[in-house]
Amino acid sequence: MPHKVLIVDDEPNIVLPLQFLMEQNNYEVNVASSGEEAIEKIMQFEPDLILLDIMLPGIDGYEVCEIVRLNPKWKQTKIIFLTAKGRDVDVAKGLVLGADEYIIKPFANAEVVSKVKKLLGDGP
Amino acid sequence: MSNRRKVQWITLCFIVLVAVTSLFFFLIYQTLPDQNRRLIDEFMGNGLYLLFALLSLWACAAFGVDLLYRLLVEPLNRLVEEISLIGMVNSRHRLKVDGGIFFRNLVQAVNAIAVRFEAIQKYDQEKIKSIKAEVEKERNILAAIMAELPEGVLVCNHTGRILLYNQRAKQFLSRYAASDFQKGQDESKQDAFVGLGRSIYSVMDKNQIQHALDEIEKKLKNNQMNVVAYFVAVGRAGEMLRVETVPVLNQAREFTGFILIFEDITQHLQTTGRVAGTLSTLAREIRASSANIRTTIETILNYPDMERARLDRFREIIHKESVALGEIIARMNIDRETQHKTHWPLAQVRLSDLIQMLVEKAAEKLGISIRFEAFELPDCVQADTYILTLAILFMLSRINQENGSKGFSGRVERSGSYVHLDLSWSGKPLRGEVLRQWDALPIVVESEQLPFTFQEVIGHHGAEICAYSDLLKKQQASLRLFLPVSDTSTAEQVRLGTILPQSRPEFFDFDLFEHAESPPELADCMLTEISYTVFDTETTGLDPDSGDEIISIGAVRIVNGRLLREECFDQLIDPKRTISSSSLRIHGIQAEMLKDHPSIDKVLPRFQRFAADTILVAHNAAFDMRMLQVKEESTGIRFTNPVLDTLLLSAVIHPAQEDHTLEAIAERLGVAIVGRHTAMGDAVATAKLFLKMIPLLAEKGILTLQEAMAASRKTYYARIKY
């Protein structure tokens, strides 16, 4: 069974290549473009890992992270923040809210793939 | 020479004359033949006895006069001087004149009167003091406010003489004129001194100020409303001062002086310059990369049938340029550049102080207790403590409303360029959703309300906030506030608070406005109007010509009859030689204490600038001046200032007194010496004595510098050479 990855971002131009990238690495991929949609998809799709943007319409990425972490059912779900917010304090805040990784845009595809694989135990 | 000595000398001369004449006649008498001798014997006869009788009478008279002088005239002279002392300068002084019963009774009577006089004078002085205090109170409040203004303020008369300055102006100008020999600037302005009565042009470029004044003059002529002129002064080490020049006009709208208002714009210019530079580079580089990407992509889109090799090459270009774009942003470090920047005016505050205030206010206003874990962070944060504390109290009160929590634990930790402040409680964790709702709420705590929302306060402080719960401690919820750590490398100015002075503060003297426009020749200047540098040196020994060196110079200024304690020069000097044990016993300065201090060739040029355009005053100045003089050749520094000596002036004022040491004069004039045998202590004591001497000299008709110097030269002590 391939691992499931949920991509949450309101910017389709990054979602498309990311989706393609994840699929090429044999992950089952689903996409959400807002915080609310993300919560819905998490409940239905039950991803193993979420690539989560912070600046989202409605509920922001921090809150999505918080909701995931407060639900014991999703305790094992890995979260990677994928965001343009690059201040020290943004990283610190993301990690304190329970994210496993924090990647600042722009990033190299290889970096994302490597971190996803590592968190899902698919890495070398 | 005293009168008593004169009488003794005349008596001695007369006796010698009589003895020599007698010997002369005796020798001639011996060479005469017997017949002539007999004639002379007969002629002299009783006359010889008469001569001896006359001589004896003369000796008795001389002895009597001397006795009379010692017992009556001398004590009377001293009595007159000391009574004058009591009346003029020191009402606490008491007579100690020896003499017979007549004098003892007189001394007792005068001392009894002195006691009454002192009491009356004390009462009068108290009364005058209280009236004066009332009069000066308002002026001093204004002066104190002036001292604490965030801008530097300096007032000059139209010749550029400084009449007022506040500490901020002094700090700005000291930094502005700080040493930087590398830049080849005018060395005469190195370590320039800002002080009352000094010229602003010794610190700042005259051309720039003159240009501003010319501009003002034109505006005045044209009857313009705004008569202010601005310029930017660039300091030696790159400091930038924005200077506002405001004219001071009299009733007839004539120019009588000007005010300079300084603002240090160095940091502001550096920051805005850096940001502008970053933006400009960013725009240029992003434009170039995006142009490359766009052209390549559009070519691919316009020519879909291009051959595979060219298409691959174009893809490579796009990838390379997109990587370059990411690198531009990373290289510019924009996040770091902007993360601590907030436009809200905040003050630097110690984290420990902020927390202490928070704990106290929480208990006082909300009845909430916060127990902070001990921490040893020395960090400071930038905060408006009132609104930040109230915002945190607002959070606590909301949590209290939601959970009923009355007890919180607190923790502070450093996290990169931030400190985070955790407030934890037992109970339900706070949801991010709730925090989001708070964002839009105005801050209200009890009866206090801020005109800001919670989000605005957090934004003003460049802070971040989040709620979290520790997975290991199930029942514990926390709120984390991230506050940017303040950069203490650009330390804020230390401000000790305003203490209203009892006497007129030393940084202003508007009486100088009234001074004559073109002063008379210095020699004819009144002693009361001259600026003085009163100084003292400590040395390795007492023989300047055998290589003894200066190890300390202390100096204070007297301007317009006021001792300016704040404008002092206090410098230890490495003599690069041993200190004689006799000198060590006096001043207690050991050679080891001087190792890291500058040598005399570095100190003398600074001292010369400090003393520029003043009269030098010292006690036993001949010694100190000789110490400076022997250094002329090696340092090239020559002190050509006129010199007054308090030792000589004391001899002028009180010729009947035998002791003119600093201690003796201080006792006579009622001056306490603090720090005797330190250069600074002795300089201050000398200055106080000198100020007391000026009215005593005036009583003797000595009013000008020339008269004081002439009178000094006539004293017996003026013959002492080193």
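See the structure printed just above.
Within each chain, residues carry numbers counting from 1 in the order of the written sequence. Lettering for chains starts from A, numbering for ligands starts from 1, and both go in the order in which the items are written. Only residues with pLDDT of 70 or above have their local features reported here, since the model is predicted, and side-chain atom pairs are shown and tallied only from 80 upward, although totals for entire chains, interfaces and linings are computed over all residues. Excluded from the side-chain calculation are hydrogens and water; included are all heavy atoms of the structure.

Could you clarify how one ought to interpret the overall build of chain B in this entry?
Only DSSP runs of H or I reaching four residues or more are called helices, and only runs of E reaching two or more are called strands; each is numbered from the N terminus. Of regular secondary structure, chain B possesses 21 helices and 19 strands. Counting only residues that meet the buried cut, chain B has 40% of its 722 residues in that class. Contacts between residues were defined by any pair of non-hydrogen atoms, one from each residue, lying within 4.5 Å. Taking the contacts inside chain B whose residues are at least 6 apart along the sequence as the reference set, 67% of them involve residues at least 24 apart. All accessible-area figures derive from a Shrake-Rupley calculation using a 1.4 Å probe, and residue coverage is judged against the displayed protein chains alone. On chain B, roughly 40500 Å² of surface is accessible, and the fraction owed to carbon and sulfur atoms is 56%. Relative accessible area decides the class of each residue, using a 1.4 Å probe on protein chains only: under 20% of the type maximum gives buried, over 50% gives exposed, and in between gives partly exposed.

Would you mind showing me how to read the interface of chain A and chain B here?
Note: interface size is frequently given as the accessible area lost on complex formation between the parts. Across the boundary between the two partners, chain A contributes 17 residues, which contact 22 residues of chain B. Interface area, chain A with chain B, both sides summed: about 1700 Å², of which 56% is carbon and sulfur. Salt bridges are defined as contacts in which a side-chain nitrogen from Lys or Arg sits within 4 Å of a carboxyl oxygen from Asp or Glu. For the pair chain A and chain B, the interface holds three salt bridges. One salt bridge connects R87 of chain A with E464 of chain B, and the closest N-O pair in it is separated by 2.8 Å. Of all the elements in the fold, those that place two or more residues in the side of chain A that touches chain B are α3 (61-70) and α4 (88-96) of chain A. Looking at which element gives the most residues to the side of chain A that touches chain B, the answer is α4 of chain A, with six residues. Class assignment for the residues of the side of chain A that touches chain B results in eight nonpolar, two polar and seven charged. Buried area is calculated as the accessible area (1.4 Å probe) missing from two parts once they are joined, with the contributions of both summed. Here the nonpolar group is Ala, Val, Leu, Ile, Met, Phe, Trp, Tyr, Cys and Pro; Asp, Glu, Lys and Arg are the charged ones; every other residue, Gly included, is treated as polar.

What should I look at first to understand the packing of helix α19 (residues 662-669) of chain B against helix α20 (residues 679-699) of chain B in this one?
How two helices sit against one another is set out by the angle between their axes and by the gap between those axes. Residue and element names in this part refer to chain B. Here an axis means a line fitted to C-alpha atoms, over the contact stretch when the element is a helix, while the angle between two N-to-C directions is reported on a 0 to 180 degree scale. The contact between α19 and α20 brings their axes to 10 Å, and the two run at 50°. Comparing the axis directions of α19 and α20 gives the class oblique. Handedness of the crossing formed by α19 with α20: left-handed. Facing α19, whose interface residues are L662, I665, A666 and L669, α20 presents D682, T686, L689, K692, M693 and L696. Residue composition of the contact of α19 with α20, by class: seven nonpolar, one polar and two charged. Should an angle lie under 35 degrees it is considered roughly parallel, over 145 roughly antiparallel, and from 65 to 115 roughly perpendicular; all remaining angles are considered oblique. By definition, turning the near helix anticlockwise from the far helix through less than a right angle yields a left-handed crossing, and turning it clockwise yields a right-handed one.

Sorry, what's going on with the pattern of salt bridges here?
Where charged atoms of side chains with opposite charge meet at close range, the side chains can pair. Under the definition given, this model contains 29 salt bridges over all chains. A salt bridge links K93 of chain A to E464 of chain B, with the nearest nitrogen and oxygen atoms 2.8 Å apart. Note that K93 of chain A is positioned in helix α4 and E464 of chain B in strand β13 (residues 464-469), a pairing that runs across two chains. For K93 of chain A, a relative accessible area of 10% corresponds to the buried category. E298 of chain B is paired through a salt bridge with R294 of chain B; the nearest N and O atoms lie 3.0 Å apart. Within this pair, E298 of chain B and its partner R294 of chain B are both found in helix α7 (residues 266-302), separated by four residues, close to a single helical turn.

When you look at helix α2 (residues 35-45) of chain A in this model, what are you seeing that I'm missing?
Because an α-helix completes one turn every 3.6 residues, residues spaced three or four positions apart along the sequence face the same direction. All names here are of chain A. What α2 keeps buried is the set G35, A38, I39, K41, I42 and F45. One side of α2 carries all its buried residues, which in axial view fall inside an arc of 165°. At its buried positions, α2 is contacted by β1 (4-8), β2 (28-32), β3 (49-52) and α3. After α2 finishes, the residue E46 shows a positive phi value of roughly 50°. Summarising the geometry, the arc corresponds to the directions from the helix axis toward the C-beta atoms.

Help me understand unusual backbone geometry, please; the structure alone is not making it clear to me.
One can expect most non-glycine residues to show negative phi and most peptide bonds to be in trans. The linkage connecting K105 of chain A with the following residue, P106 of chain A, adopts the cis geometry, with an omega of -5°. Within the element layout of this structure, P106 of chain A appears in the loop between β5 (101-104) and α5 (109-119). The phi dihedral of E46 of chain A is positive, around 50°, even though this residue is not glycine. By secondary structure assignment, the location of E46 of chain A is in the loop between α2 and β3. Judged by its relative accessible area of 38%, E46 of chain A falls in the partly exposed class. One non-glycine residue with positive phi stands out, namely D613 of chain B, at about 60°. With respect to the secondary-structure elements, D613 of chain B resides in the loop between α15 (600-610) and β18 (615-618).

Help me understand the sheet that holds strand β4 (residues 78-83) of chain A, please; the structure alone is not making it clear to me.
Sheet strands pair via backbone hydrogen bonds, and the direction of the pair is either parallel or antiparallel. Residues and elements named next belong to chain A. For two strands to count as paired, DSSP must find a minimum of two bridges between them. Here five strands make up an open sheet; going across it, the order is β2-β1-β3-β4-β5 and the pairing parallel. Of all strands in the sheet, those with a lone pairing partner are β2 and β5, marking the two edges. Neighbouring strand axes in the sheet, compared pairwise and without regard to direction, differ in orientation by 20° on average. Where β1 meets β3, four bridges bridge the pair, whose relative direction is parallel. When the sheet's bridge partners are listed, V8 is paired in β3 with L52. Across the sheet, α3 touches β3 and β4, and the angle it forms with β4 is around 175°. Lying over the sheet, α4 contacts β4 and β5, oriented at roughly 150° with respect to β5.

Just to check I follow, could you spell out the sheet that holds strand β17 (residues 562-572) of chain B for this structure?
Residues and elements named next belong to chain B. One open sheet accounts for five strands, arranged β17-β16-β15-β18-β19; its pairing is mixed. The open sheet has two edge strands, β17 and β19 (643-645), and neither has a second partner. When the angles between neighbouring strand axes are averaged without regard to direction, this sheet yields 25°. Pairing geometry for strand β15 (residues 532-539) and strand β16 (residues 550-559), over eight bridges, is antiparallel. Within β16, the position partnered with D536 by the bridge is G554. Helix-sheet contacts for helix α16 (residues 621-629) involve β15, β16, β18 and β19, and the interaxial angle to β15 is about 75°.

Explanation requested: the pairing of strand β1 (residues 152-157) of chain B in the structure shown.
Taken residue by residue, a regular strand's side chains alternate between the two faces of the sheet. All names here are of chain B. In terms of burial, β1 is a largely internal element, six of the six residues being buried. A two-sided burial pattern is seen for β1, the buried positions comprising G152, L154 and C156 on one face and V153, V155 and N157 on the other. In terms of strand pairing, β1 meets strand β5 (residues 255-264) through six bridges, oriented antiparallel. Within β5, the position partnered with V155 by the bridge is I259. The pairing of β1 with strand β2 (residues 162-165) spans three bridges and is classified as antiparallel. By the bridge assignment, L154 is partnered in β2 with Y165. Hairpin remark: β1 followed by β2, antiparallel, with four residues in the connecting loop; positive phi at G160, about 95°.

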